[in-house]
Each structure stands twice: as structure tokens, then as C-alpha cells.
Amino acid sequence: MMKLKYIFPIMAASLFCFPAAAKPSLNDIQGCQAVLDFVDARVGTVSKYDEKDVKIIQSALRDYNKFLQDEHIAPGLLAFTGGDENKAKAFQTQIDAYKLTIVQGLKQRHPQPRIFTDQAVSINGCYSKAPMSADKTPVMKEALETMVKLAKQG
């Protein structure tokens, strides 16, 4: 099992390894959005976490979630449906329902009121596949560092 002291350097280094490959699939992105939704909601319910830390995490995760929706999901659905907005909306409804299923699974897997390192690792993996602009990377790095810090607190 990898020690926590090794996880953060690996995560931090991977933030700067932007892939030159094609965009991630819509399935990958909706899974990422589900983890973002779960962590965003969860971190806000843990009273022992510092309010500043919670705001850092939530702000970054919400920005990233919006980016994934605006830059990957919405255009991907329009492309998939040949530009048919009604069909794209119908698919969006299905995606939203599936994300809720994933979030429910995460709630069952992690019923404890806290953040876990694997959640930061998962979000980091998403960011490596679908990064925002370079100026947003430090914000995401700070959020991930904060998540790891909170995970260590328990």
C-alpha cells in the first residue's frame, strides 16, 4: 500500500502532465463530475474542517465541474446528436441520473463524514485527462493539497 507521503508528490507532478491525446470520453467525464459533486457536498458537511479550507476546495471543484460541463459534456452531446438540442437535453437528463447513481454509490462506500485521499487521487486523475487552462492549475493544485491535508486529519 502506498504511503500518503508518496501520494501527494505523485498527484502534484501529474497535474503538469497534460496529455496530448484525444479528449476523454463522456463516460469518463460524467464519472469525474459525480466525484466532484460528491466531494463538494461532503466537504461542506464536515464541521471539523476549517471554513477556509472548505471554500478553497468547493470553489475549485465547482469551477472544474462547470468547465467539464461547458467544454466536454455539452459540446460532446451536441456532436453526438448531430446538433439536435432536444436530443442533447434528453441525453443530459440521462447523464444527470447516472451521476446521481454514482454519487449514491460513493455515499455507501464512504459513509463517514470526512474526505478520503482516494477522492483527491480520483479528481487528480480527472484533471490529468481533462485539464483547464494553465492559469487554473495552481488553484486546482491548492484544492487537491487541501483535500489531502483534510484526509490526513480524518
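Thresholds applied
Residues numbered from 1 in each chain as written. Predicted model: local features only at pLDDT ≥ 70, side-chain atom pairs only at ≥ 80, totals over all residues. Heavy atoms only, no water. Helix = DSSP H or I, 4+ residues; strand = E, 2+ residues; numbered from the N terminus. Expected span 1.5 Å × (residues − 1). Buried < 20%, exposed > 50% of the residue type's maximum accessible area, 1.4 Å probe, protein only. pLDDT = per-residue confidence, 0-100. Contact = heavy atoms within 4.5 Å. Axes fitted to C-alpha atoms, helices over the stretch in contact; angles between N-to-C directions. Parallel < 35°, antiparallel > 145°, perpendicular 65-115°, else oblique. Left-handed = near helix turned anticlockwise from the far one by under 90°. 1 Å grid on protein atoms, 1.4 Å probe; cavity = no way out; pocket = protein on both sides within 12 Å on 5 of 7 lines; lining within 4 Å. Points joined across faces, edges and corners; volume = space filled by probe spheres on them. Nonpolar A, V, L, I, M, F, W, Y, C, P; charged D, E, K, R; others polar.

Caption draft 1: Quick peek at helix α6 (residues 137-153). An ideal rise of 1.5 Å per residue puts 24 Å on 17 residues; α6 measures up with 24 Å between its terminal C-alpha atoms. Listing the buried residues of α6 in full gives Thr 137, Met 140, Ala 143, Leu 144, Thr 146, Met 147, Val 148, Leu 150 and Ala 151. Backbone geometry just downstream of α6 places Gly 154 in the positive-phi region, at approximately 90 degrees.

Caption draft 2: Highlighting the environment of Pro 111. Mapped onto the elements, Pro 111 comes out in the loop between α4 (85-109) and α5 (117-129). Under the relative-accessibility criterion, Pro 111 is labelled exposed at 54%. Between the C-alpha atoms of Pro 111 and Arg 42, which are 69 residues apart in sequence, the distance is 9.8 Å.

Caption draft 3: Examining the confidence of the model for the protein more closely. Chain-level pLDDT for the protein is 87 on average; 86% of the residues reach the 70-or-more range. Of all the helices and strands in the protein, helix α1 (residues 4-14) carries the lowest mean pLDDT, 42, while helix α3 (residues 51-80) carries the highest, 96. Scored below 50 in pLDDT, residues 1-21 makes 31 contacts in the model with residues more than four places away or belonging to other chains.

Caption draft 4: Seen up close, the packing of α5 against α6. Two elements in contact, α5 and α6, have axes whose closest approach is 8 Å; the angle formed by their N-to-C orientations is 165 degrees. Between α5 and α6, the crossing angle belongs to the class labelled roughly antiparallel. Every pair of crossing elements has a handedness; the one defined by α5 and α6 is left-handed. Of the residues in α6, those in contact with Thr 117, Gln 119, Ala 120, Ile 123, Asn 124 and Tyr 127 of α5 are Thr 137, Met 140, Leu 144, Met 147, Val 148 and Ala 151.

Caption draft 5: Representation of empty space enclosed by the protein. This structure, assessed with the given rule, holds one cavity of 30 Å³ or more. Its boundaries defined by the atoms lining it, the largest cavity holds a volume of some 30 Å³. Lining the largest cavity are Ala 60, Asp 63, Met 132, Lys 136, Val 139 and Met 140. For the lining of the largest cavity, the secondary structure elements donating two or more residues are α3 and α6. Grouping the amino acids of the lining of the largest cavity by side-chain chemistry returns four nonpolar, no polar and two charged.

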